[in-house]
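The residues making up each chain are set out below.
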Amino acid sequence: MEFSDCRIYGKNWDLVAAYSLRVLQASTARLPRLNEAQKIELGRILLELREEKGKQRQEFADTCNMDVSQLLRIERGQGEPGLINIFRIATGLGMRPGALVNIIFDRLDEKGLLDGFLF
């Protein structure tokens, strides 16, 4: 089953994402923040994926229940998405969050930008 609209989950989606965030918060608290080069590349990846789906920024932000300015900051490499926004963006792209994270890590690895991450 594919989910092309984050709102398909309704209020339950926010509860699932909030619960996931709480569960993962302790384990992710020690993860390093993205450096500037990583943020820029992350933004490029998300922009390319959104454009491949033929979605305009405002339409995509609405689909993902995100503020367009927040999406713009991420795509410009000026911010990094939190866990809940990774879930929302992935669902808006019609993929599972894990698949999106794999794409991101593969692209960062191709560019040699994974320094600071422990695997």
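Computed from a prediction, not measured in an experiment: that's the story for all the values here.

**Q** Can you lay out the overall build of the protein chain for me, pointing to particular residues and giving the numbers?
**A** Helix and strand content of the protein chain: 6 helices and 0 strands. Sequence-ordered secondary structure for the protein chain, helices as α and strands as β, is α-α-α-α-α-α. The proportion of buried residues among the 119 residues of the protein chain is 34%. Taking all contacts inside the protein chain whose residues are at least 6 apart in sequence as the whole, residues at least 24 apart take part in 64%. Just so you have it, the protein chain exposes about 7,600 Å², and 52% of that area is on carbon and sulfur atoms.

**Q** Mind laying out the environment of R96, listing which residues take part and the relevant values?
**A** Locating R96 in the fold gives a position in the loop between α5 (83-92) and α6 (97-110). In this structure, the C-alpha to C-alpha distance between R96 and I86, residues 10 residues apart in sequence, is 9.6 Å.

**Q** Any details on the pattern of salt bridges? Residues and values, ideally.
**A** Applying the stated criterion to the full structure yields 6 salt bridges. For E36, the salt bridge identified is with K39, shortest N-O distance 3.7 Å. Linking E36 with K39, this pair stays in helix α2 (residues 36-52), spanning 3 residues, or about one helical turn. Note on E36: relative accessible area 52%, which makes it exposed.

**Q** Any chance you could break down the nonpolar core for me, citing the residues and the numbers?
**A** In terms of nonpolar packing, the biggest core is built from 20 residues, with L46, F60, M66, I89, L93, L100 and I104 touching the most fellow members. When contributions to this core are tallied by element, the ones reaching two or more residues are α2, α3 (57-63), α4 (68-75), α5 and α6. Top element by residues in this core is α2. It accounts for 4 residues. Here I104 is in contact with L42, I45, L46 and I86, once residues within four sequence places are set aside.

**Q** Which residues make up the packing of α2 against α6, and what values go with them?
**A** As a packed pair, α2 and α6 sit with axes 10 Å apart at the nearest point and diverge in direction by 125°. Considered as vectors, α2 and α6 are oriented oblique to each other. Here the hand of the crossing between α2 and α6 comes out right-handed. Within the contact between the two elements, α2 uses Q38, E41, L42, I45, L46, E48 and L49 and α6 uses L100, I103, I104, R107 and L108.

Procedures and definitions
Residues numbered from 1 in each chain as written. Predicted model: local features only at pLDDT ≥ 70, side-chain atom pairs only at ≥ 80, totals over all residues. Heavy atoms only, no water. Helix = DSSP H or I, 4+ residues; strand = E, 2+ residues; numbered from the N terminus. Buried < 20%, exposed > 50% of the residue type's maximum accessible area, 1.4 Å probe, protein only. Contact = heavy atoms within 4.5 Å. Areas by Shrake-Rupley, 256 points an atom, 1.4 Å probe, with all protein chains shown as cover. Salt bridge = Lys/Arg side-chain N within 4 Å of Asp/Glu carboxyl O. Core = buried A, V, L, I, M, F, W, Y, C linked by side-chain atoms within 4.5 Å. Axes fitted to C-alpha atoms, helices over the stretch in contact; angles between N-to-C directions. Parallel < 35°, antiparallel > 145°, perpendicular 65-115°, else oblique. Left-handed = near helix turned anticlockwise from the far one by under 90°.

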